Amino acid sequence: QAQAAAHLPPLPAFLYACSSVQPRIGGMMTWQACGVQARSAPVFLRLGGSCRRGPVPIVRRCFASSDSIAASGGRDPRDAVVKIFNTRQRPGWTVPWQDQPVESSTGSGAVIEMRLGQGREMRMVLTAAHVIADTRYLQVQRSTDRFSGEKYRASIAAVCHEADLALLHVHDQESLAEIKPLEVAPTAELPHVFDKVRVVGYPVGGDACSITEGVVSRVEVQEYSHSLRAGLALTVDAAINSGNSGGPLVDAATANIVGVAFQKLVARGVELQGHAVPAPLIQRFLAEVAVLLGEQGAALAEAPPSAAPLRLRLPSLGCDYQSLEPPALRRSLGLGKRSGILISRVHTAGFTEEGEATPEPTMRKGDVLLEFNGFALDELGFCSLFGRRVHFAAARDLCIVGQRVPIKVWRDGQELALEHTLHAGRYLVARGQFDVRPCFFMCGGLVFQPLSHEYLQGWSSSDRPPHLQNLFLRGHLTPERTEAVMISTILADEANAGYDSGWVGAPVVQAVNGQTIRNMSHLIEVVAAERAKAAATGEESFLAFDVLMSSGPFRLVLPLAGLDDANARICSLYGLPSECRSHHYVLEAETAAQTTA
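Residues numbered from 1 in each chain as written. Predicted model: local features only at pLDDT ≥ 70, side-chain atom pairs only at ≥ 80, totals over all residues. Heavy atoms only, no water.

## Side note on the overall build of the protein chain
- The secondary structure content of the protein chain amounts to 10 helices and 31 strands.
- Per-residue burial for the protein chain yields a buried fraction of 52% across its 597 residues.
- Contacts in the protein chain between residues at least 24 apart in sequence constitute 67% of all its contacts with a sequence separation of at least 6.
- Only carbon and sulfur atoms are counted for the fraction: they give 51% of the accessible area of the protein chain, which is about 26000 Å². (Helix = DSSP H or I, 4+ residues; strand = E, 2+ residues; numbered from the N terminus. Buried < 20%, exposed > 50% of the residue type's maximum accessible area, 1.4 Å probe, protein only. Contact = heavy atoms within 4.5 Å. Areas by Shrake-Rupley, 256 points an atom, 1.4 Å probe, with all protein chains shown as cover.)

In structure tokens:
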């Protein structure tokens, strides 16, 4: 289980050892982002000692003395590392019109200097995205054993949840004036195995800045627990504990930032496996932020940002693929001495998240991807990058969304040179959703939601409804189906008398009155059209929902007569908004009305 590095503020001691565990679906290990999550039944994880209720075992912190750091030719990085206090409130994914209780958590961050256009430089705080996810109020504080304990208000300037990186703007810039910012190592300077590094931050056990030391033990593509996405990561044996998340991993000799701590692996028989986002991904993130902020540099320096933070995305290849390790499989494709990976399925919705139409995918099922952006791939999908052999996903993440990259594929016995456009990743079952509100729609007491990983986190992997877990693992995004719409609950009322109430197994909607449903917006359109048709004819009419449950197909029917009164009654009784839907679909309806007018 990957255990996170943000921890609770001073509370009863046993709470330091608790964190909810969301197992990776279908996997043997659990990779979980480093945040604290409220659950009715907390799970107690091993944090440096036995797993038990009661006092938490002492966390041994290894401080590097200023003398030893100076002797190594570097600087003391603790001066530029701050503690981040996050007051957050997560949405209720199982009851989407309600929020979960307010929580407090802490993490770490490094002060760096950003160039924001017009030659303006500004000091900001680099941290991990999961440290500030779902925030309502942010503050930063320097190490209390060396500086004032005053806390300063901060806000999010930019965030990329897929890379687990965020940039904070401190409102009182004078509070950072005396700090010498840390420098991020250049993109090409990816650490090597055996390089000595230090993890700097504020782990559980005190308010003073802590340093632990170790070496880089791996440089490879790992799964990021925060986004459930594979990306390049550094594995280090330096201790990363609760509260270290977002803190810098610095080169022991130069004190340059070579990574950002974001997760650790906690499992029986596993010790000292912490992960950090490497400098190439950090530099790519900062470069895109600098371009997008542009002229906002002056405004940021003069006042706290009023606009929403930049939300950056990483590109996706838009397909599933498999290795070509078996020699028989390679021979069957007639590759000869060529190598690459087999495209097993292409994902496309036919349009981007902004609603723009997308062209036909460049790659097809059955293609063999031989080269990506100039990098030749072997039969496992590895390539030569930064002077070492890593999976090509590391090269993919150095690109930006919308970029056209050259590729070479083997198709029908021919080698083709093509251009492929990289889009942001999309899935039939959404995942990695933070700082957003859940979507929902209520009709006659039936509450509809798009299936998401966040909804599935309400169960352990062994208890999830099989039909939902199957959609998460194997769901295929197509123009005919871009979301899996389910009935998450039934709110009892006269309109739905005869059906069970509450959670009814989360059946997945297949069709409404015979019309196959593509997504939530389409379902709302179909319901509105059927209601308008019934109002025009004056005949007794019904809404028939054909759904698929774990046990098989099922049908639910609602009468259209008196549906407005039933909706109003249900909204008042159960505390739903009067529009019977989340604000996403209220805005869609308003936009559609303006377009029609």
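After presenting the structure, the write-up continues.
## A look at the environment of Gly-205
- Secondary-structure assignment places Gly-205 in the loop between β8 (196-201) and β9 (210-224).
- With a relative accessible area of 58%, Gly-205 lands in the exposed category.
- Taking the C-alpha atoms as reference points, Gly-205 and Ser-242, 37 residues apart in sequence, are found 9.3 Å from one another.

## Side note on the packing of aromatic side chains
- Tallying each qualifying case throughout the model produces eight aromatic pairs.
- Taking 4.5 Å as the distance between ring centres and 25° as the angle between the ring planes, the aromatic pair formed by Tyr-224 and Phe-262 counts as stacked. Separated by 38 residues along the polypeptide, Tyr-224 in strand β9 and Phe-262 in strand β12 (residues 257-265) bring together distant segments of the chain.
- The exposure class of Tyr-224 is buried, given its relative accessible area of 2%.
- Here a set of aromatic residues connected by ring pairs shows up, and it is made of Tyr-321, Phe-372 and Phe-392.
- The ring of Phe-382 carries the charged tip of Arg-389 above its face, separated from the ring centre by 4.5 Å. (Phe/Tyr/Trp six-rings, centres within 6.5 Å; stacked < 30°, edge-to-face > 60°. Lys NZ or Arg CZ within 6 Å of the ring centre and 35° of its normal.)

## Some remarks on the environment of Thr-482
- Here Thr-482 shows up in the loop between α7 (466-474) and β27 (485-490).
- The buried category is assigned to Thr-482, whose relative accessible area is 5%.
- Placed 132 residues apart in sequence, Thr-482 and Gly-350 show a C-alpha to C-alpha distance of 9.2 Å.
- Within the structure, the side chain of Thr-482 is placed 3.0 Å from the side chain of Asn-519, a separation counted as a polar contact. (Polar contact = N/O pair within 3.5 Å; in protein donor to acceptor, adjacent residues only side chain to side chain.)

## Looking at the nonpolar core
- Among the nonpolar cores identified, the biggest contains 91 residues, and Leu-167, Phe-285 and Leu-369 are the most heavily contacted of them.
- By residue number, the principal contributor to this core is helix α2 (residues 279-293), which donates seven residues.
- Residue contacts for Leu-167: discarding those within four places in its chain leaves Ile-112, Met-114, Met-124, Val-125, Leu-126, Ser-155, Ile-156, Ala-157, Ala-158, Phe-285, Leu-286 and Val-289. (Core = buried A, V, L, I, M, F, W, Y, C linked by side-chain atoms within 4.5 Å.)

## Here we look at helix α8 (residues 520-537)
- With 18 residues, α8 should reach 26 Å at 1.5 Å per residue; the first-to-last C-alpha distance of 26 Å fits that figure.
- Taken as a whole, α8 has its buried residues at Met-520, Ser-521, His-522, Leu-523, Ile-524, Val-526, Val-527, Glu-530 and Ala-534.
- At the N-terminal end of α8, a side-chain oxygen is found 3.3 Å from the backbone nitrogen of Ser-521, two or three residues along, and the residue is Asn-519.
- With its phi angle positive at about 75°, Gly-538 sits one or two positions after the end of α8. (Expected span 1.5 Å × (residues − 1).)

## Quick word on unusual backbone geometry
- Here the phi dihedral of Asn-373 falls at roughly 55°; this positive angle occurs in a residue that is not glycine.
- Structurally, the position occupied by Asn-373 is in the loop between β18 (368-372) and β19 (375-376).
- Of note, the phi angle at Asp-435 is positive, near 60°, even though the residue is not glycine.
- Note that Asp-435 resides in the loop between β24 (423-424) and β25 (441-443).

## Structural notes on α2
- Spanning 15 residues, α2 covers 21 Å between terminal C-alpha atoms, matching the ideal 21 Å at 1.5 Å per step.
- Along α2, the residues classified as buried are Ala-279, Pro-280, Leu-281, Ile-282, Arg-284, Phe-285, Leu-286, Glu-288, Val-289 and Leu-293.
- A positive backbone phi angle near 45° is found at Gly-294, which sits one or two residues after α2.

## Remarks on the pairing of strand β6 (residues 151-160)
- Of all 10 residues that make up β6, seven are buried, and the element is covered over most of its length.
- Of the strand pairs in this sheet, strand β5 (residues 135-141) and β6 are connected by four bridges, and their pairing is antiparallel. Along β6, the bridge assignment pairs Leu-138 with Ala-154.
- Here β6 runs beside strand β7 (residues 165-170); their pairing, made up of six bridges, is antiparallel. Bridge pairing links Val-159 to Ala-166 in β7.
- Where β6 folds back onto β7 in an antiparallel hairpin, the turn is made up of four residues, including Asp-164, whose phi is positive at roughly 55°.
- With two bridges connecting them, β6 and strand β14 (residues 310-311) associate as parallel partners. Across the sheet, Val-159 pairs through a bridge with Arg-311, a residue of β14. (Pairing = 2+ DSSP bridges.)

## Examining the environment of Gly-562
- Relative to the assigned elements, Gly-562 resides in the loop between β31 (552-559) and α9 (563-574).
- With relative accessibility at 44%, the residue Gly-562 sits in the partly exposed group.
- Sequence separation of Gly-562 and Gly-444 is 118 residues, and the distance between their C-alpha atoms is 9.4 Å.

## Considering the side chain of Ser-452
- Tracing the backbone shows Ser-452 in the loop between β26 (446-450) and α6 (453-456).
- If near-sequence neighbours (up to four positions away) are discounted, Ser-452 is found in contact with Trp-93, Val-429, Ala-430 and Gln-433.

## Some remarks on the pattern of salt bridges
- Taken as a whole, this structure holds 28 salt bridges when the rule is applied.
- Of the charged contacts in the structure, one is a salt bridge between Asp-207 and Lys-83, with a shortest N-O distance of 2.8 Å. With Asp-207 in the loop between β8 and β9 and Lys-83 in strand β2 (residues 81-91), this pair connects stretches of sequence that are 124 residues apart.
- We classify Asp-207 as partly exposed; its relative accessible area is 39%.
- Judged by relative accessible area, which is 4%, Lys-83 ranks as buried.
- What you see here is one network of salt bridges that share partners, running through Asp-76, Arg-78, Asp-79 and Arg-146. (Salt bridge = Lys/Arg side-chain N within 4 Å of Asp/Glu carboxyl O.)

## Things to note about the pairing of strand β20 (residues 382-385)
- Residues Cys-383 and Leu-385 point to one face of β20 and are all buried, whereas Phe-382 and Ser-384, pointing to the other face, are not buried.
- Direction of pairing for β20 relative to strand β21 (residues 388-391): antiparallel, over a ladder of four bridges. Paired with Leu-385 across the two strands is Arg-388, which belongs to β21.
- As consecutive antiparallel partners, β20 and β21 are separated by two residues, and within that stretch Phe-386 has a phi angle of approximately 55°, a positive value.

## Details of the state of the cysteines
- On inspection of all chains with the given rule, the structure shows zero disulfides.
- Left without a disulfide partner, Cys-443 is nearest to the cysteine sulfur of Cys-580, which lies 8.2 Å away.
- Left without a disulfide partner, Cys-571 is nearest to the cysteine sulfur of Cys-580, which lies 3.4 Å away. (Disulfide = S-S within 2.5 Å.)

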